[in-house]
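Descriptive analysis of the structure
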Amino acid sequence: MMTKFKSLSLLLCGATLFFAGCSKEEQAVAPTIANESLTTVVLNLTNQADVSDTTSCRYKYYFDNSGNVKSSDSTVLKLKANAKYNAVVNIYDEQQTPVFNVGNEIKERQNYHLLFFQPTPISSANLITGNTSPYIPGTLTSSKGPYLNLAVSRTDRDTNSPALEVGLTDLFTTGAASTGNLEVILRHQPNAKNGTFAPGSTDLDVNFKVAIN
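This write-up is about the structure you can find in this document. Once a new chain begins, its residue numbering starts again from 1 and follows that chain's sequence as written. For a predicted model such as this one, the threshold for reporting local features is a pLDDT of at least 70, and the threshold for listing and counting side-chain atom pairs is 80 or more; totals across whole chains, interfaces and linings nevertheless cover every residue. Computation of side-chain values covers all heavy atoms of the structure but excludes hydrogens and water.

1. Observations concerning the sheet that holds strand β10 (residues 178-188)
DSSP bridges decide pairing: two strands pair if at least two such bridges lie between them. Comment: elements are numbered from the N terminus, with helices defined as DSSP H or I runs of at least four residues and strands as E runs of at least two. Taken in spatial order, the four strands of this open sheet run β4-β11-β10-β7, and their pairing is mixed. Edge positions in the sheet fall to β4 (77-79) and β7 (113-120), since each has one partner strand and no second. For this sheet, the mean angle separating the axes of adjacent strands, direction not counted, is 30°. Here eleven bridges tie β10 to strand β11 (residues 201-212), and the two strands are oriented antiparallel to one another. Bridge pairing in β11 links G180 to V210. Lines fitted to the C-alpha atoms define the axes, with helices restricted to the stretch that makes contact. Angles between their N-to-C directions range from 0 to 180 degrees.

Here it is, written out as structure tokens:
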């Protein structure tokens, strides 16, 4: 799976707008398996106060016959203000038939993976740092509002000792009505995962538009 993810990273380094996180070290790794890509990311959310109130958003890449990213599109994540949502991150390779659930492999290798979430724009007062934060270090803060009133915390843990967060399941907490973006990054950290962003390399980096009403 590690090789497959690196192959994906190589493919997506061409999509600089969304995959600026590809490292020089990653680019030096020759792909050996090129038949699998992370094509689609879906966030499914359920309102804790009303389980019939569900919402979702999707980010999808489209590839040409050579396997290069030719375009992408996404849907808006619509949330209610002052609410708590249970969130599930699903990742697929829709180029395969049947569709391959890459998230299941991430779950199997959860000790090597860590998801990060960054609402923007965000104020410095709202930017949390530290090992337990799901937020992305180095994110620019804004001195001018309104900010995206969204907080994210991971709710799942791996089998490391002590157990570390993964991020395939999360708690989304909204505040007042606002709009912005949510960046989602998957870090690949074999034998180096320590709960922080630093070790490893980036396998996936996408942005969703968010509307809280």
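There is more to say, and it comes next.
2. Regarding the environment of G167
You can see G167 is positioned in the loop between β8 (150-154) and β9 (169-174). For the pair formed by G167 and F116, sequence separation is 51 residues and the distance between their alpha carbons is 7.2 Å. The contacts of G167, once residues within four sequence positions are left out, are V89, L115, F117, R154 and D156. Whether two residues are in contact is decided by their heavy atoms: any pair within 4.5 Å suffices.

3. Brief notes about the pattern of salt bridges
Each reported salt bridge corresponds to a side-chain nitrogen of Lys or Arg within 4 Å of a carboxyl oxygen of Asp or Glu. Here the structure, examined in full by the defined rule, presents six salt bridges. Between E165 and R154 there is a salt bridge; the shortest N-O distance is 2.6 Å. Of the two residues, E165 sits in the loop between β8 and β9 while R154 sits in strand β8, which places them eleven residues apart along the sequence. We note that E165, like R154, is buried. E165 is the salt-bridge partner of R157, the closest N and O atoms lying 3.9 Å from each other. Several salt bridges converge on common partners, so that one network encompasses R154, R157 and E165. Categorising residues by exposure relies on relative accessible area from a 1.4 Å probe, with only protein chains included: less than 20% of the type maximum marks a residue as buried, more than 50% marks it as exposed, and the intermediate range marks it as partly exposed.

4. A word on the pairing of β10
Taking burial as the measure, the eleven residues of β10 include nine buried ones, the bulk of the element. Inspection of the sheet shows β7 paired to β10 by eight bridges, in the antiparallel sense. Bridging across to β10, F117 finds its partner in V184.

5. A short note on the side chain of R187
Positionally, R187 belongs in strand β10. Polar contacts involving the side chain of R187 include one to the side chain of T202, which spans 2.8 Å. With residues near it in sequence (within four places) discarded, R187 still touches Y112, H113, L114, F116, F197, A198, P199, G200, S201 and T202. Distance and chemistry together define a polar contact, namely a pair of N or O atoms within 3.5 Å, with one atom able to donate a hydrogen and the other to accept it when in protein, and with adjacent residues in sequence counting only for side-chain atoms on both sides.

6. A look at unusual backbone geometry
Residue P98 follows T97 across a cis peptide bond; omega there is -5°. With respect to the helices and strands, P98 occurs in the loop between β5 (84-93) and β6 (100-101). You will see that N82, though not glycine, has its phi angle at about 55°, which is positive. As for its position among the elements, N82 is in the loop between β4 and β5. The class for N82 is exposed, based on a relative accessible area of 63%.

7. A word on the packing of aromatic side chains
Between rings of Phe, Tyr and Trp, where Trp is taken as its six-membered ring, a pair exists when centres lie within 6.5 Å; planes separated by under 30 degrees are stacked, by over 60 edge-to-face, and by other angles tilted. Evaluation of the coordinates by the stated rule reveals four aromatic pairs. Residues F116 and F197 carry aromatic rings whose centres are separated by 4.9 Å and whose planes lie at 70° to one another, so their mutual orientation is edge-to-face. Linking F116 in strand β7 with F197 in the loop between β10 and β11, this pair joins segments that are 81 residues apart in sequence. The burial state of F116 is the same as that of F197; both residues are buried. Among the aromatic residues, those joined into a ring-pair cluster are Y59, Y61 and F208.

8. Thoughts on the environment of Y147
With respect to the helices, strands and loops of the structure, Y147 is situated in the loop between β7 and β8. For the pair Y147 and S123, spaced 24 residues apart in the sequence, the C-alpha separation amounts to 6.7 Å. Of note is the side chain of Y147, whose polar atom sits 3.1 Å from the backbone oxygen of S142.

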